[in-house]
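Coordinate inspection notes
Residue-level listing of the chains:
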Amino acid sequence: MSTRIAAHGRLIDRAKSVGFTFNGKPMRGYAGDTLASALLAGDQMVMGRSYKYHRPRGAVASGAEEPNALMGLGEGAKFEPNQRATTTELFEGLTARSQNHWPGLEFDVGAVNGRLSRFLPAGFYYKMFIHPRAFWKHVYEPVIRQAAGLGRVPGGRDADTYEHFHCFTDVLVIGGGVAGLQAARSAAASGASVLVLEQSAHWGGRAPVDGGTVDGAGADDFVRETVAELEAMPNVTLRNRCMGAGVYDHGYALGYERLTDHAPRAGGPRHRLWRIRARRIVTATGAIERPLAFAGNDVPGVMLASAMRDYLVNWAVAPGRRVIVATNNDDAYRTAITLKTSGIDVLRILDARSSGGGALMQEARALGIRIDCGRAIGRVSGGKRVRSVAVCAQEGTGGALEEVECDAVAMSGGWSPVVHLWSHCGGKLIWDEARAHFRPDPERPPRGADGEGFVIPAGAANGELALNGILGDADEAGKTAARGAGFKPARSKAPRGETVEEAPLQPVWLMPRHADAHLRAKAWLDYQNDVKVSDVRLAAQEGYHSVEHTKRYTTLGMATDQGKLSNINGLATLADAIGSEIPQVGTTTFRPPYTPISMGAIAGEARGAIFQPVRRTPMHGWHEANGADWEPVGQWRRPYTYLRDGESQHDAVMREVRNTRQAVGLLDASTLGKLLVKGPDAGRFLDMLYTNMMSTLKPGKCRYGLMCSENGFLIDDGVVARIDEHTFLCHTTTGGAERIHAHMEEWLQTEWWDWQVHVANLTEQFAQVAVVGPDARKLLERLGGMDLSAGAMAFMEWRDGRIAEFDARVYRISFSGELSFEVAVPASQGLAFWEALMDAGREFGVMPYGTEALHVMRAEKGFIMIGDETDGTVIPQDLGLGWAISKKKEDYLGKRAQARPHMTDPTRWKLVGLETVDGAVLPDGAYALAEGVNANGQRNVQGRVTSTYMSPTLGRGIAMGLVLNGPDRMGEVLEFPGTDGKTYQARIVDQVFYDKDGEKQNV
Amino acid sequence: MSEPVSALKGASFDGLAHVEECGLQGMITLRGALSARAVQKAATVASGASLPDANRANMAGEGGLCWMSPDELLILCPYPRAAETVETMRKTLGKTHALAVNVSDARAMFRVSGGAAREVLAKLCPVDLSPAAFGPGQFRRTRMAQIAAAIWMEDDESFGIVCFRSVAEYAFNLLKAAAQPGSAVGVFAARPGAISGD
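Quantities reported herein were computed from a predicted structural model and do not represent experimental measurements. (Residues numbered from 1 in each chain as written. Chains lettered and ligands numbered in written order. Predicted model: local features only at pLDDT ≥ 70, side-chain atom pairs only at ≥ 80, totals over all residues. Heavy atoms only, no water.)

1. Points about the overall build of chain A
Selection criterion: Each helix is a run of DSSP H or I of at least 4 residues and each strand a run of E of at least 2, with the numbering of both proceeding from the N terminus. Three exposure classes are used, based on accessible area relative to the maximum for each residue type with a 1.4 Å probe and protein chains only: buried under 20%, partly exposed in between, and exposed over 50%. Only heavy atoms enter the contact rule, under which two residues are in contact if any of them lie within 4.5 Å. Only the protein chains shown count as cover for residues, and all accessible areas are computed by the Shrake-Rupley method using a 1.4 Å probe. Charge counting follows a simple rule: Lys and Arg are positive, Asp and Glu are negative, and His as well as the terminal groups are ignored. Charge positions are represented by NZ for Lys, CZ for Arg, CG for Asp and CD for Glu.
For chain A, the helix and strand inventory stands at 26 helices and 52 strands. Oriented by its inertia axes, the alpha-carbon framework of chain A measures out at about 115 × 70 × 55 Å. A buried classification covers 60% of the 1003 residues belonging to chain A. Long-range contacts, defined as pairs at least 24 residues apart, comprise 66% of the intrachain contacts of chain A with a sequence gap of at least 6. Carbon and sulfur atoms make up 51% of the accessible area of chain A, which amounts to about 39,100 Å² in all. Looking at chain A, you have 112 positive and 118 negative side-chain charges, and the mean spots of the two groups are 3 Å apart.

2. Quick word on the interface of chain B and chain A
Where we set the bar: Summed over both partners, the accessible surface that disappears when two parts come together, traced with a 1.4 Å probe, is what is meant by buried area. Any carboxyl oxygen of Asp or Glu that lies within 4 Å of a side-chain nitrogen of Lys or Arg is treated as forming a salt bridge with it. Any N or O atom pair separated by 3.5 Å or less is treated as a polar contact, with the protein-specific requirement of one donor-capable and one acceptor-capable atom, and with residues adjacent in sequence counted only for side-chain atom pairs.
Taken together, the 52 residues of chain B in the interface contact 50 residues of chain A. Around 4,100 Å² of area is buried between chain B and chain A when both sides are counted, 55% of it from carbon and sulfur atoms. Here chain B is connected to chain A by three salt bridges. Among the ionic pairs, Glu169 of chain B bridges to Arg616 of chain A, the shortest N-O distance being 3.4 Å. Applying the counting rule to chain B against chain A returns 25 residue pairs in polar contact (both at pLDDT 80 or more).

3. Details of the sheet that holds strand 4 (residues 57–60) of chain B
Residue and element names in this part refer to chain B. The condition is simple: The pairing criterion is simple: DSSP has to find at least two bridges between the two strands. Where helices are involved, their axes are fitted lines through C-alpha atoms of the stretch in contact, as for all axes, and angles between N-to-C directions lie from 0 to 180°.
On the basis of which strands lie adjacent, the open sheet formed by five strands has the order 4-5-6-3-7 and antiparallel pairing. Edge strands, defined here as strands with exactly one partner in the open sheet, are strand 4 and strand 7 (98–102). Between one strand axis and the next, the sheet turns through 15 degrees on average, direction left out of account. Of the strand pairs in this sheet, strand 5 (residues 63–69) and strand 6 (residues 72–77) are connected by five bridges, and their pairing is antiparallel. Following the sheet pairing, Leu65 is matched in strand 6 by Ile75. Most of the contacts of helix 2 (residues 82–93) go to strand 7, to which it runs at about 170 degrees, and overall it touches strand 3 (26–32), strand 6 and strand 7.

4. What about unusual backbone geometry?
All names here are of chain A. In this model, Met511 is joined to Pro512 through a cis peptide bond whose omega is -10 degrees. Topologically, Pro512 is positioned in the loop between strand 31 (497–498) and helix 13 (517–520). One non-glycine residue with positive phi stands out, namely Asn82, at about 60 degrees. In this model, Thr555 sits at a positive phi of 70 degrees, which is unusual for a non-glycine residue. As for its placement among the helices and strands, Thr555 is situated in the loop between helix 15 (547–554) and helix 16 (567–577).

5. Some thoughts on the confidence of the model for chain B
Residue and element names in this part refer to chain B. Threshold: Per residue, pLDDT measures the predictor's confidence, with a range of 0 to 100.
With 94% of its residues at a pLDDT of at least 70, chain B reaches an overall mean of 94. In this model, residues 190–198 is a region of pLDDT below 50 whose contacts with residues beyond four sequence positions or in other chains number 19 contacts. At the level of chain-chain contacts, confidence expressed as ipTM amounts to 0.95, with global pTM at 0.94.

6. A closer look at the packing of helix 21 (residues 682–689) of chain A against helix 22 (residues 737–751) of chain A
Residues and elements named next belong to chain A. Our working rule: Should an angle fall under 35 degrees it is called roughly parallel, over 145 degrees roughly antiparallel, and 65 to 115 degrees roughly perpendicular, with every other angle called oblique. We call a crossing left-handed when the near helix sits turned anticlockwise from the far one by less than a right angle, and right-handed when that turn is clockwise. In the scheme used here, Gly and all other residues not listed as nonpolar or charged are polar, with Ala, Val, Leu, Ile, Met, Phe, Trp, Tyr, Cys and Pro taken as nonpolar and Asp, Glu, Lys and Arg as charged.
Remark: helix 21 packs on helix 22, axes separated minimally by 12 Å, with the N-to-C direction vectors making an angle of 115 degrees. In terms of orientation, helix 21 lies roughly perpendicular with respect to helix 22. For the element pair helix 21 and helix 22, the recorded crossing hand is right-handed. Residue-level contacts link Phe685, Leu686 and Leu689 of helix 21 to His743, Met744, Trp747 and Leu748 of helix 22. Considering only residue class, the contact of helix 21 with helix 22 consists of six nonpolar, one polar and no charged.

7. A few points about the pattern of salt bridges
All names here are of chain A. One pass over the structure, following the stated rule, counts 67 salt bridges over all chains. Between Arg185 and Glu229 there is a salt bridge, and its shortest N-O distance comes to 2.8 Å. Pair noted here: Arg185 is in helix 5 (residues 178–188) and Glu229 is in helix 7 (residues 219–231), with a separation of 44 residues, a long-range link. On the basis of relative accessibility, which here comes to 35%, the residue Glu229 falls in the partly exposed class. Between Lys479 and Asp475 there is a salt bridge; the shortest N-O distance is 2.9 Å. Of this pair, Lys479 and Asp475 both sit in helix 12 (residues 467–484), four residues apart, which is roughly one turn of the helix. Exposure remark for Lys479: the relative accessible area of 8% places this residue in the buried category. Relative accessible area serves as the criterion here: at 4%, Asp475 is assigned to the buried category. Several salt bridges share partner residues, and in doing so they unite Arg206, Asp210, Arg309, Asp310, Asp331, Arg334 and Glu502 into one network.

Quick look at the structure:
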């Protein structure tokens, strides 16, 4: 029987009953309970099934290290799997469901795996599912997928909100036990700002349960007084329910605050991720008790001795009425004493040490508890809970001396400091032989930019397990942290802790020491992943001697608890199996987060409308209201086309092209980059950046230019306008604005720092509208204002002036081959200007057009598009753009690279037009076939399609592509297989399909 | 002249803090050697404010002068006067190598005010916004979640924020989310003793 008892219960409020459900069954607990303590109080021992063998499992721990009691919590949009019952605070209406079973927790078909366990050894999956090859995809994988995975995937969108918070502090203290509190106090006394994080809802950690006195008062009083003192200090911030999740370079740390998990109706964000910068970090993260490896150590009712003590003292829950305690150290005697004084029968203390313990043993004996030294648990019997224990000699093979009926077992294999956060950023460990644990090596801390260690371990996390040692160590850690953060610690003495002196432990990695194969196969190391002593030994036998390899082969320590209970026992077992020493075997790598944190907390505010920034032009809302079918271009959304009622995307694009070619169209070109380059050396600078000559451009004129990287590859193109003697405005592609701005700044700041040039990114200062088509001039003249006649402004010229009531800069440039004016107005008037154009254009049949019509029209004219005709491996020479490469200039970025043999290789594929024989549209990206196959047995190719469209102007498919010796092969027909099974035939032609002489744009 | 409009036309929100788009704000980018006499004169005359040190901004009435980088200042002035101010600056600069350009329309400006203003910003910007570290007079170019932003304090409880105009809606929605009721952090309030400014 697991029940609530009358004594103890320091964390519960018996006046406040709380209702919850477990697997649909209504249950009750008290305010202050965890889900685990409330379930145990209701005699619900089995809390889940194991992952591999589906064995019934109960809570083995009482805190963050719990491997077994994982639950699905909440319903619908608030459902979350894999939550530890031991760290879930109970609240009214909580709904919990156990995991990993079908059809039910009590009867689970999957438990048959347990019967087959000897056929499911370490590396089973690797060994079994290799042959036959085809079975993996069709048989093994679907079946394993069905059976695998912890918990259920939430169905809907998460109903909660999350956020980040940036925090800067001199000293960050992780852990709010007595060590953390004392370290915070001694650090804060120096005047340093201190942030203290405690993962649970309570301050003080284990000390109030473990007993002892501080400066003569109870540990509880010390905690209360210290918290009150810290709360009153203006330079201290205390946060509980906030776990120090990870430590990273440069004093960066993450805190994971659970704001409403315990009060889901409270409103506000559920979790908050603290992104902390600290000058020094104190890890006062305590220690975790190790289980003992004996057969049946996973039967519900077998628990860590400290956890059983926690359930008694904190929550007034006795996990059994007749308990056996197994230990290799003195600490477990505290559990026996607490049980006995609470009225629970302690049938035996099985102390693996032949000479037993010290003062605590005397105290237990005085209470009348039977203590058997040199004894061990041979095996625990029971299915869904402990039924009996076979007692044997620790130094034997497991031959039972007696069978004792009982209903719970408390075990203790010693304590391991929580070194995770110390280790996250590279802190190293040393093996402490006397205490049989790894602790931080003070000589090898994680170091910051100043060469000093920036993480300082304190208390039990530093290997100090007795109260006085903990307080002294923590006090010093706080002072060291303050000093490291640049403060002068106050002179003060650490408080004095007093506890009973403990006898040394005796390391026990297997119980009994020479347990036979049968027992080893039932002695669990990793509960969550069902890894046993036998699995690790088998791995060792098969040659897995590295702890990292063994981990992955056996899955030891790879579950959601990341081996908090299993790591040390596992590597000790490995060391024993390969005849090595524990420090030589070493640990696996500790990685953040300490326990799993929610994906929501990581995402923070970035969801829904603010998942990513969407850049909007001044006319964005108009497009939205007028049928825009969006295309993402960088973070901009540009209208791909404007859909009319019942119109397909294709039909809309064809309509927009036709209307622009026959009447007039408007394009929102505001997203094009506009970089202002000014200074006495601006012309010289642009001559280096562009392949052609820019310094000779006259004010009032525009010139198309190409930009290459220093490796010669084409990176951007656009029209440059010379504003005055010292000023140029460089247009870039939409996606290139920020990139090219950075490119310019990089060259100016690193290479030509002495050139007098300034650059400003004016992209968003202007709304820019392309007015395109035979009626473009008429439309602008209807608005009135500046003279836009051919005589006043020739092709490739620009003028400042006014159009209607707008200040405008007009560029007469064309990317479509039509008569075209690009008009820039201040962004704050962009929408008004666009609407004025739409109004005035009605009589000419004006229509807006999107990016696809823009693409079709430029392809009809044979203009290249960065990102279509270029892919980072293409040079201007490949594209027939030799006319835009100055032969006169001594240098420009890319010139030298373009002279390399590979760049001048005559067999580089070159740009041509492609015209299908039957008028069909070539598939995008299709390759042109060549004779024969390559070394890989793949068909040889001789070209590929870079752009392909249906041209409404020509009434047929048109394309451009890069083809081997293309320009010399006009008229040849190539074969392009599509992914649709068809092969397309296309003839090599000139890439200018429309108005080759440029008469249309020049009127 | 057509009426110029700001990106969000003065939208506002009340939560932990008051969030508002400030409407059109005159802004001029000035790049040049900050040690040059003409550059200093152009900047101070245009803004009516004195030259700020690194990471600081000086406000003076409707004008302001913000340090953007070792060779860049941001001049704040009334929106309608931006164009003429640039012209005056160009005359002052004369032959000195410098770039003065009107960027008023390229930007959006927000104000976040109220007791929780620091916390709202600290959820989005990786900047130490504790009263001991950041106060009126300071100016920081940083990021606000995923966008570039510049922030400064107008007084102890109020921030000015500048970002690009195209992301004004994102910025406003971010600030609304960070100021949602029930999301107070309570850190800066917990340190009443901290000294203001630096």
